[in-house]
Amino acid sequence: GLQRLAFRSFSSTARNQLKNKVPENQKIFQEDNGLPVHIKGGTVDVLLYRFTMAITLGGTGFSLYWLLAASQPRRK
């Protein structure tokens, strides 16, 4: 009884408050503006992409450095 009433009122208010943004996002991401899809979202997407590339390249360089260091014979 009470649980069903509480669930019904919560689910209906949540459904009414959340606007469907899918059509807006489809317009943005399907627009033919020459941009790759991972940066079509704007400034935040560009910054996230650059940050991800920076830590990826930094981690790769760090790994290669230590692989090279570990492959050298030990000094006595």
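Residues numbered from 1 in each chain as written. Predicted model: local features only at pLDDT ≥ 70, side-chain atom pairs only at ≥ 80, totals over all residues. Heavy atoms only, no water.

What about the overall build of the protein?
Line of reasoning, step 1. Counting secondary structure elements, the protein contains three helices and zero strands.
Line of reasoning, step 2. Taken from N to C terminus, the helices and strands of the protein fall in the order α-α-α.
Line of reasoning, step 3. In the protein, which comprises 76 residues, the share counted as buried stands at 4%.
Line of reasoning, step 4. Total accessible area computed for the protein in this model is approximately 7500 Å², and 63% of it derives from carbon and sulfur atoms. (Helix = DSSP H or I, 4+ residues; strand = E, 2+ residues; numbered from the N terminus. Buried < 20%, exposed > 50% of the residue type's maximum accessible area, 1.4 Å probe, protein only. Areas by Shrake-Rupley, 256 points an atom, 1.4 Å probe, with all protein chains shown as cover.)

A short note on the pattern of salt bridges
Line of reasoning, step 1. For the structure shown, the criterion picks out one salt bridge.
Line of reasoning, step 2. For the salt bridge of Glu24 with Lys19, the shortest nitrogen-to-oxygen distance reads 2.5 Å.
Line of reasoning, step 3. Looking at Glu24, the relative accessible area reads 40%, which means it is partly exposed.
Line of reasoning, step 4. Look at Lys19 and you get exposed, because its relative accessible area is 59%. (Salt bridge = Lys/Arg side-chain N within 4 Å of Asp/Glu carboxyl O.)

Re the side chain of Lys40
Line of reasoning, step 1. Along the chain, Lys40 falls in the loop between α2 (22-30) and α3 (43-71).
Line of reasoning, step 2. Although buried, Lys40 forms no salt bridge, and the nearest oppositely charged side chain, Asp32, lies 6.0 Å from it.
Line of reasoning, step 3. Excluding residues within four positions of it along the chain, Lys40 makes contact with Ile28, Phe29, Gln30, Glu31, Asn33, Leu35 and Asp45. (Lys, Arg positive; Asp, Glu negative; His and termini not counted. Contact = heavy atoms within 4.5 Å.)

Observations regarding the confidence of the model for the protein
Line of reasoning, step 1. With 83% of its residues at a pLDDT of 70 or more, the protein shows a mean pLDDT of 87.
Line of reasoning, step 2. At the level of individual helices and strands, the protein shows its lowest average pLDDT in helix α1 (residues 2-17), which scores 65, and its highest in α3, which scores 97. (pLDDT = per-residue confidence, 0-100.)

Concerning a nonpolar patch on the surface
Line of reasoning, step 1. A surface patch of nonpolar side chains, about 260 Å² in accessible area, is lined by Ile28, Phe29 and Val37.
Line of reasoning, step 2. Residue Val37 is classed as exposed on the basis of its relative accessible area, which comes to 56%. (Patch = residues over 30% accessible without salt bridge, like charges linked within 9 Å, V, L, I, M, F, W, Y side chains within 5 Å.)

Some words on the UniProt feature "transmembrane region" (unreviewed entry) in the protein
Line of reasoning, step 1. Here, the residues flagged by UniProt with the feature "transmembrane region" (unreviewed entry) are residues 47-68.
Line of reasoning, step 2. Taken end to end, residues 47-68 comprises 100% helix and 0% strand; its first and last C-alpha atoms sit 31 Å apart. (UniProt positions renumbered as here; feature names shortened; annotations may be inferred.)

Description of the packing of aromatic side chains
Line of reasoning, step 1. Taken as a whole and judged by the stated rule, the model has two aromatic pairs.
Line of reasoning, step 2. Pairing Tyr65 with Trp66 gives two aromatic rings, centres 5.0 Å apart and planes at 80°, and the pair type is edge-to-face.
Line of reasoning, step 3. On the basis of relative accessible area, Tyr65 is assigned to the exposed category, the value being 51%. (Phe/Tyr/Trp six-rings, centres within 6.5 Å; stacked < 30°, edge-to-face > 60°.)

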